[in-house]
Amino acid sequence: MAFRRDAIEISDEARALHREAPAVDLHADTLMWSRWVGYDLLTRHEAMLPRHAFAGHVDLPRLREGGIGAQYFGLVSLPVSHAGNRAVIDAQIDELERAVARSAATGGGGGAADGRGAQLVKADDLAAVERANAAGGVAALMGIEGAHALDGDLDAIEHFARRGVRYLGILHFSANDAGFPAYGWGRRDDEGLTPFGRELVHRSEDAGLVLDLAHINRKGWFDVCALARRPLYCTHTGVAGAFRHWRNADDEQLRALAATGGAAGVIFAPNFLGGDGLEPVVRHLRHMIDVGGEDLPALGSDWDGMIVPTRGLHDASCLPALTTALLRAGLPARVVRKILRDNALRVLGAASPRSSAAAT
Ligand SMILES: [Zn+2]
């Protein structure tokens, strides 16, 4: 049975902005559910409960409904055994490739509300995202969450880059070969990147991967910012200046990230935002702008990542409600457009590997 959804309000101006600049979300863990429970990315899902943590925030029909032009899917492995993480990541990439192939074979996704059947298209650089969007499709990008996915082998970076992965999150919820988490098993606040982690930064940049600072501890954050020659992401985060929490980046961290030309995706989890609803999301985005400038903020929902999304953003179809709230809060459309799309894509464009740029 389906429960009544929270009422959401979307203005015409917000809809128009999404048409002109289809949004980019830096992080959703939907592929984890595809692999575990056979969740179908192409079919519209109705949540069993209006707001819940378990799977069902993102699918192709609702991405389209929400004016989202590109979704980064997080590739997650849980380091329970020390070996075999790479295979777990490969299985999630296989899962996405199967969905993309089915989308192409059927001329789109099943259940698209308007029956136009726009496709889910695998994209691994800026040009591919633009092409997919120009054709009315949704670009699927991929990012790895936690360098334990490399199983200790830096050559895996090139392997994953070849498979289309575009960012590498250095940490997740436990210490790994590269560094230490902001929270979780093996946490050490006084240690930054390991020698393996420093090498990983260079190898990732050479392979055209954006490095992702989500989940890394504070010391590691500054190490990566100092080493990086390309813009960075922090794909899903809150900011401590808007709500003090171990999961949130402080002002000094935001300034260091902004100095790389990077972007930070605001997370949609009320426990990290310090409040429920759209207003706390707006507050965190405003603080990012105040501290790091208007080229810093982006979107990093963390949908399907075991979070209960904040009220008003309970699934991908609701995103224009946030756009409406940002415009009503007085942010110029030009800045809202940067939050929706331009900042995230600027970082991707700066990271595209030279070989693929030369080939297109
Ligand atoms: Zn995460």
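Let me begin by describing the structure that accompanies this report. (Residues numbered from 1 in each chain as written. Predicted model: local features only at pLDDT ≥ 70, side-chain atom pairs only at ≥ 80, totals over all residues.)

Time to look at the nonpolar core. By size, the foremost hydrophobic cluster in this structure holds 108 residues, and its most contacted members are Val-138, Leu-211, Leu-213 and Val-224. Looking at this core element by element, the count peaks at seven residues for helix α13 (residues 333-351). In contact with Leu-211, not counting residues within four places along its chain, are Leu-168, Ile-170, Val-201, Ser-204, Val-224, Ala-228 and Leu-232. (Core = buried A, V, L, I, M, F, W, Y, C linked by C-beta atoms within 7 Å. Buried ≥ 20, exposed ≤ 12 C-beta atoms within 10 Å, placed from the backbone. Helix = DSSP H or I, 4+ residues; strand = E, 2+ residues; numbered from the N terminus. Contact = placed C-beta atoms within 7 Å.)

As a further point, take the environment of His-57. Looking at the element boundaries, His-57 is found in the loop between α2 (30-37) and α3 (60-65). Sequence separation of His-57 and Trp-303 is 246 residues, and the distance between their C-alpha atoms is 5.7 Å. Not counting chain neighbours up to four residues away, the residues in contact with His-57 comprise Ala-28, Trp-303, Asp-304, Pro-309, Asp-315 and Ala-316.

With that settled, the discussion passes to unusual backbone geometry. In the Ramachandran plot, Asp-151 falls in the positive-phi region, its phi being about 50 degrees despite a non-glycine side chain. Tracing the chain through its elements places Asp-151 in the loop between β4 (138-145) and α6 (155-162). Classification of Asp-151 as partly exposed rests on a count of 18 C-beta atoms within 10 Å. Positioned with a positive phi, Asp-302 is a non-glycine residue whose angle comes to about 70 degrees. The residue Asp-302 is located in the loop between β9 (297-299) and α12 (319-328) in this model. Owing to 25 C-beta atoms within 10 Å, Asp-302 belongs among the buried residues under this scheme.

Bringing the environment of Ala-14 into the picture now. Note that Ala-14 resides in helix α1 (residues 12-20). Taking the number of C-beta atoms within 10 Å as the measure of exposure, Ala-14 has 24 and is therefore buried. The sequence separation of Ala-14 and Thr-323 amounts to 309 residues, and the corresponding C-alpha distance is 5.6 Å. Excluding residues within four positions of it along the chain, Ala-14 makes contact with Pro-320, Thr-323, Thr-324 and Leu-327.

Any functional reading would require information that these geometric values do not contain.
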